[in-house]
Amino acid sequence: MPAPIRLRELIRTIRTARTQAEEREMIQKECAAIRSSFREEDNTYRCRNVAKLLYMHMLGYPAHFGQLECLKLIASQKFTDKRIGYLGAMLLLDERQDVHLLMTNCIKNDLNHSTQYVQGLALCTLGCMGSSEMCRDLAGEVEKLLKTSNSYLRKKAALCAVHVIRKVPELMEMFLPATKNLLSEKNHGVLHTSVVLLTEMCERSPDMLSHFRKLVPQLVRILKNLIMSGYSPEHDVSGISDPFLQVRILRLLRILGRSDDDSSEAMNDILAQVATNTETSKNVGNAILYETVLTIMDIKSESGLRVLAINILGRFLLNNDKNIRYVALTSLLKTVQTDHNAVQRHRSTIVDCLKDLDVSIKRRAMELSFALVNGNNIRGMMKELLYFLDSCDPEFKADCASGVFLAAEKYAPSKRWHIDTIMRVLTTAGSYVRDDSVPNLIQLITNSVEMHAYTVQRLYKALLDDISQQPLVQVASWCIGEYGDLLVSGQCEEEEPIQVTEDEVLDVLEGLLVSNLSTPVTRGYSLTAIMKLSTRFSSVNRIKKVVSIYGSSIDVELQQRAVEYNALFKKYDHMRPALLERMPIMEKTASNGPTEIVQTNGETEPSMGESKHPPPIGQPANQANDLLDLLGGNDVPVIQTTMPTKTASSGGELLDLLGDLSLSGGPAPAPAPSVPTSQPTFLLDGISSQPLFNDIAAAGIPPMTAYNKNGLKIDFTFERANPNPNIAVITIHASNSTEADMTDFVFQAAVPKTFQLQLLSPSSNVVPALNQGTVTQVIRVLNPQKQQLRMRVKLTYTHKGSAFQDLSEVNNFPPQSWQ
Amino acid sequence: LKTMRFMLLFSRQGKLRLQKWYTATAERDKKKMVRDLMQIVLARKPKMCSFLEWRDLKIVYKRYASLYFCCAVEEQDNELITLEVIHRFVELLDKYFGSVCELDIIFNFEKAYFILDEFLMGGEIQDTSKKSVLKAIEQSDLLQEVSCIQY
């Protein structure tokens, strides 16, 4: 049997392979040879074979069949075998492998070997990848070695102890005695690893931390010696003595000085000394300075020292080395809250970093810039940030735009400035603006009453330029719908009033409806805007025409709106002016906040931050108030239903509901389309609805009869849809046991305020007689607070020529449907 | 709480030359991480800084001739000193091999590992003296049995 090919020979051969396939072939051939060699239990060449295996493993080929061989190598007497064996173990075996534990005995023996380099191998392997069991078994050996006078072993034992503690924290105590005089060592290796060990112990245990606080003077002394001592060739790096040790000591001091006045004071001088004396021309010096700054900022240092630290960071910002600038920005970001004024002094340098070429630096500079914006510097800062917004990469635009909006909201020096800033963002980064900005901006604009003419004019002009950026288009549509009258009247004070006709405005809005660039949401906005203008413009006929055209749009959303607006023209024209009136000032609830309901006079109105889409029709807030007042009651369920979007007449049915209430002059708030808004809709018992659509999960829940009267029986069944525990999907099954059909059947439901409900379209409006068929309809109920489900249902139908209506409570929901 | 999670050496062509993992990771995950990271680092332009955020880690990398030295450290570490750690390792290799180049590390990968394992343990420096580390390697080399020198 010829000797197996040598390692370097194999490497050379494999490297001659010209294709992946050729390489694979070579590898497979060699692996086969190695496998048979392993089977023969060949001691001589095991080391060679494992070494080759490790090479092939690095190339990405499987090598697990060599795991046991590594163990055999480790157990060998030969040093070469052990060296390769331990390396193989570290590369092929980790604690996830079962055979891992088989190493324990070998390692134990080798920890007690007569040759320190063998002991070193064992310590290294244990310290890199020892499992918890192994660590438990061998901790005693490590502890022994930690007390040896052999500095070669002592330094390794210290790091091995660190690993043991990380794996088995309870064992930390046993290493305590051995730490007694670790810092008295002269050997830098031992010193360094001891500091690492002490750091680990202090970070893990408050008791250890207090115990080791007494080391502060000694650590200070060591650090001082390092700085003051002359040139030491063995540890010198670019004129600095043992920077690695300095950094580790600084880090340990940080942990010891944190939240301890005495310790902090004891290290004050040395920190100042390091901060002022360290050479900054090379990275190594700056690394030490950086660690010093981190320590100063974290302990209870006096203000002078803190200012010194921040100034170091300020100087870092001016450094040519981008790495230094990067760490400076990172640190400043951390300290900007606590040392705001000190950081402010470096504001202009920070702002300059916005122009840096490195993406990470730019991002940090942006975050820091926003953190530094205040009432005094808002104008200047915003100029820089808007310029940044113009030219930055797309990945920044959304965050930057949000930041600008937030800052503007907090510190805007004037309403005009605020609107201008918003305009700037919308026109330059309009497509990156977050969805929730749209309602926020709308609210802001509404509340800036004196700026309405100016705002609508600027937005209109922006639309003429570009209709591709949806958030801009949406805000603009909304404004034109609201303030179109101001636009055509040429009333602007802030700038030269624009001359535009009603037809031109309608052209623009209609253009949005047909443009490929407009999303469905945008189309909704523009249709509603057009509708609103029917009470502000005189060209009502044109508007009527548009609205009726969209009554047959394939976009369900648009169709529904158009149908409803159509109905408004036809049947409820007397209500139209009131309905489409100018929006009142909105009470602000949350800036970017999620849904929050404001209760005013029993009316619920969502915070503008909530809805993705604005109320399709200007919320007739005042009228809704009246309505609710009339019906009163706080804890009243919310009625929600969607109408079957089949025919135009279905709009009529919708409003018929309100006719039932026999209100005089009360408005018929348009029904909410399937859109998450808070549109006061069917105000049965006077609640607005907050539809929220989610899928429901319910399984194995028994069905129930919800209603059974006059021959009409309505059963509820529960289904599993998506696994969302907060949502119940209920299907109603309406059956009719009388001899005549029930036609014009409409099922409506209301739930308490903490719930949200959505009704999908019913299967039909006719419940056939004599139980010949059922009408089904799906209800989805969102119940985030897991409250007991209650429902009020309203049924209307025509039976034998008469109209029937009934209201009923459903309280017998099975617990599984809402728990 | 580990400071250094792993260190990788790879060429501009995306060939792995050394991988040292200081946390137990599945083979499959290691391969994916290496692939992902190599792609990201190799795409970096010269003007960019040596640090980047990746997953929950900070990556510190530096190119020496045709080799990228890449360390993954915990978020709170001092990146600047990590650059010095990398540099020290390169110096050790350089001293040992005499003007080290990528080929040295390809043909003597196991020696590169030996040096690394004498310099770092669990991601931490064992000895800050270049001389001391090199001496230990030298002495270990001498211990290798004559019969096994050319494995």
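Residues numbered from 1 in each chain as written. Chains lettered and ligands numbered in written order. Predicted model: local features only at pLDDT ≥ 70, side-chain atom pairs only at ≥ 80, totals over all residues. Heavy atoms only, no water.

Assigned secondary structure in chain A consists of 33 helices and 13 strands. Counting the 819 residues in chain A, one finds 59% classified as buried. When the accessible surface of chain A is split by element, carbon and sulfur atoms take 49% of a total near 32900 Å². (Helix = DSSP H or I, 4+ residues; strand = E, 2+ residues; numbered from the N terminus. Buried < 20%, exposed > 50% of the residue type's maximum accessible area, 1.4 Å probe, protein only. Areas by Shrake-Rupley, 256 points an atom, 1.4 Å probe, with all protein chains shown as cover.)

Accessible area lost on assembly of the parts is the figure often given for the size of an interface. The interface is formed by 66 residues belonging to chain B together with 72 residues belonging to chain A. The interface formed by chain B and chain A includes 8 salt bridges. Note that Asp358(A) is salt-bridged to Arg44(B), the shortest N-O span being 3.9 Å. On inspection of chain B and its partner chain A, the count reaches 26 residue pairs in polar contact (both at pLDDT 80 or more). (Contact = heavy atoms within 4.5 Å. Salt bridge = Lys/Arg side-chain N within 4 Å of Asp/Glu carboxyl O. Polar contact = N/O pair within 3.5 Å; in protein donor to acceptor, adjacent residues only side chain to side chain.)

What follows deals with the sheet that holds strand E3 (residues 51–54) of chain B. All names here are of chain B. Taken in spatial order, the 5 strands line up as E2-E1-E5-E4-E3 in an open sheet, and their pairing is antiparallel. Each edge of the open sheet carries a strand with a single partner, namely strand E2 (16–21) and E3. For this sheet, the mean inter-axis angle between neighbouring strands, taken without regard to orientation, is 20°. Where strand E4 (residues 57–64) lies against strand E5 (residues 67–74), 8 bridges are found, and the strand directions are antiparallel. Note that in E5 the partner of Arg-63 across the bridge is Tyr-68. (Pairing = 2+ DSSP bridges. Axes fitted to C-alpha atoms, helices over the stretch in contact; angles between N-to-C directions.)

What follows covers the UniProt feature "domain: AP complex mu/sigma subunit" (unreviewed entry) in chain B. Feature annotation in UniProt assigns "domain: AP complex mu/sigma subunit" (unreviewed entry) to the following positions: residues 3–142 of chain B. For residues 3–142 of chain B, the helix share is 46%, the strand share is 27%, and the end-to-end C-alpha distance is 33 Å. (UniProt positions renumbered as here; feature names shortened; annotations may be inferred.)

This part is about the packing of helix H13 (residues 243–257) of chain A against helix H15 (residues 283–298) of chain A. Residues and elements named next belong to chain A. Their axes nearest at 9 Å, the elements H13 and H15 cross at an angle of 5°. As the angle between them shows, H13 and H15 are arranged roughly parallel. Of the residues in H15, those touching H13 at Pro-243, Gln-246, Val-247, Leu-250, Arg-251, Leu-253 and Arg-254 are Val-284, Ala-287, Ile-288, Glu-291, Thr-292, Leu-294, Thr-295 and Asp-298. (Parallel < 35°, antiparallel > 145°, perpendicular 65-115°, else oblique.)

Before going further, it helps to spend a moment on the sheet that holds strand E11 (residues 775–782) of chain A. All names here are of chain A. Read from one edge of the open sheet, 5 strands run E6-E7-E8-E11-E10, paired in antiparallel fashion. The open sheet is flanked by strand E6 (704–709) and strand E10 (756–759), the only strands paired with a single partner. Direction aside, the axes of adjacent strands within the sheet are offset by 20° on average. Sheet topology note: the strand E8 (residues 727–736)/E11 ladder contains 8 bridges and is antiparallel. Within the sheet, the bridge partner assigned to Ile-732 lies in E11 and is Gln-777.

The subject of this paragraph is helix H27 (residues 502–514) of chain A. All names here are of chain A. With 13 residues, H27 extends 19 Å between its outermost C-alpha atoms, agreeing within 8% with the 18 Å of an ideal straight helix rising 1.5 Å per residue. Considered for burial, the residues of H27 that qualify are Glu-502, Val-505, Leu-506, Val-508, Leu-509, Leu-512 and Leu-513. Along the long axis of H27, the arc covered by the buried residues comes to 155°, so they all point the same way. As for H27, its buried residues are in contact with helix H25 (452–465), helix H26 (470–489), helix H28 (520–532), helix H29 (540–549) and helix H30 (556–570). (Expected span 1.5 Å × (residues − 1). Arc of directions from axis to C-beta.)

Glancing now at the pattern of salt bridges. Taken as a whole, this structure holds 58 salt bridges over all chains when the rule is applied. In this structure, Asp715(A) engages Lys713(A) in a salt bridge whose closest nitrogen and oxygen atoms are separated by 3.0 Å.

All names here are of chain A. Summarising the element assignment, Thr-421 is placed in helix H23 (residues 415–429). From its side chain, Thr-421 meets the backbone oxygen of Trp-417 in a polar contact 2.7 Å long. If sequence neighbours within four positions are ignored, Thr-421 has contacts with Met-382, Leu-386, Val-404 and Ala-408.

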